[in-house]
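Structure at a glance
This is what each chain is made of:
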Amino acid sequence: MKIYNEIDLYRYNTMKLHSIARIMYEPENVDELLAIFRKLKKEDTAFYLLSAGSNIVFGARIERPIVYLMSFNTNMSFCEDGILECGASVRIQSLLEKIKEFSLGGIEYLASVPSSVGGAVYMNAGRGRKIKRSISDYIESVRYLDIADMQIKNMYGNDGYLYRSSPFQSLNTVILSARFKFIKQDVDITNRLIKE
């Protein structure tokens, strides 16, 4: 685990704003993430979660501790039946490159989104109301930490996802990983759709 004191958050937000955080924790695995939450819970300390930092406007100074989520789970692996398990800290662009290796596709419209997989699931990132396509179309299950009881749980299927909305927005959780079933697609088609 890395702990930063008086850190400038310039490189941690896409707006490139200078903001000083009193303290920021960077867990490098789920056990460290749990340890941080237990510590903060014991101290009854409110905190902020920070992932890819897109569309966040920071104040000049942040006194609450920040838990930075872009290092604790960057794993991607294929499981049975073409299911891909992907850590929440993986950037969407890395996920796109991985599924191209296996002639899979379906989420090319997210190529320009500055998001982690966890953030994309949380926001149910998608193409828009008219096109009605989103990352939840491919979700098989999501593994998450329930901060309320400090238990790791799974949510199966993709019920409860709406336009830019997921069930996680009404829960006190951190998404740990997601399992996806993408469509078979020729790499040339994927590359063309990414360019579009």
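Look above for the structure.
Quick look at the structure, then. (Residues numbered from 1 in each chain as written. Predicted model: local features only at pLDDT ≥ 70, side-chain atom pairs only at ≥ 80, totals over all residues. Heavy atoms only, no water.)

Concerning the pattern of salt bridges
- Counted according to the given criterion, the structure contains 10 salt bridges.
- One salt bridge connects Glu43 with Lys39, and the closest N-O pair in it is separated by 2.9 Å.
- Its relative accessible area of 35% is what places Lys39 among the partly exposed residues.
- Each of Glu6, Arg22, Arg61 and Glu63 takes part in salt bridges that share partners, so that together they form one network. (Salt bridge = Lys/Arg side-chain N within 4 Å of Asp/Glu carboxyl O. Buried < 20%, exposed > 50% of the residue type's maximum accessible area, 1.4 Å probe, protein only.)

Structural notes on the packing of aromatic side chains
- Tallied over the full model, the rule gives six aromatic pairs.
- With 5.2 Å between their ring centres and 35° between their planes, Phe37 and Phe47 make a pair best called tilted. Separated by 10 residues along the polypeptide, Phe37 in helix α1 (residues 30-42) and Phe47 in the loop between α1 and β3 (48-50) bring together distant segments of the chain.
- In this structure an aromatic cluster arises from ring pairing among Tyr138, Phe180 and Phe182.
- Positioned above the aromatic ring of Tyr10, the side-chain terminus of Lys16 is 5.6 Å from the ring centre. (Phe/Tyr/Trp six-rings, centres within 6.5 Å; stacked < 30°, edge-to-face > 60°. Helix = DSSP H or I, 4+ residues; strand = E, 2+ residues; numbered from the N terminus. Lys NZ or Arg CZ within 6 Å of the ring centre and 35° of its normal.)

Remarks on the sheet that holds strand β11 (residues 173-180)
- Strands sit in the order β6-β7-β11-β9-β10 across an open sheet of five strands; the sheet is antiparallel. Of all strands in the sheet, those bounded by a partner on one side alone are β6 (76-78) and β10 (151-156). Geometrically, the sheet is characterised by an average inter-axis angle of 20° between neighbouring strands, direction not taken into account. (Pairing = 2+ DSSP bridges. Axes fitted to C-alpha atoms, helices over the stretch in contact; angles between N-to-C directions.)

Some points on the nonpolar core
- Judged by nonpolar contacts, the single largest core of 45 residues is most densely connected at Leu33, Leu95, Ile107, Val121, Phe180 and Phe182.
- For this core, the elements supplying multiple residues, two or more each, are β2 (20-26), α1, β7 (84-87), α2 (92-101), α3 (117-123), β9 (139-146) and β11.
- In terms of residue count, α1 provides more of this core than any other element does, six residues in total.
- Here Phe180 is in contact with Gly82, Ile83, Leu84, Cys86, Leu95, Val117, Val121, Ile135, Tyr138, Ile139 and Glu140, once residues within four sequence places are set aside.
- Ala21, Leu50, Ala52 and Met70 belong to the second largest nonpolar core, which has 12 residues in total. (Core = buried A, V, L, I, M, F, W, Y, C linked by side-chain atoms within 4.5 Å. Contact = heavy atoms within 4.5 Å.)

Considerations on the pairing of β2
- Of all seven residues making up β2, five are buried, and the element is well covered by its neighbours.
- When strand β1 (residues 2-8) meets β2, the two strands line up antiparallel, connected through six bridges. Looking at β2, one finds that Asn5 is bridged to Ile23.
- Here two bridges tie β2 to strand β4 (residues 61-62), and the two strands are oriented parallel to one another. If you follow Ala21 over to β4, its bridge partner there is Ile62.
- The pairing of β2 with strand β5 (residues 66-68) spans two bridges and is classified as parallel. Opposite Tyr25, over in β5, you have Val67 as the bridge partner.

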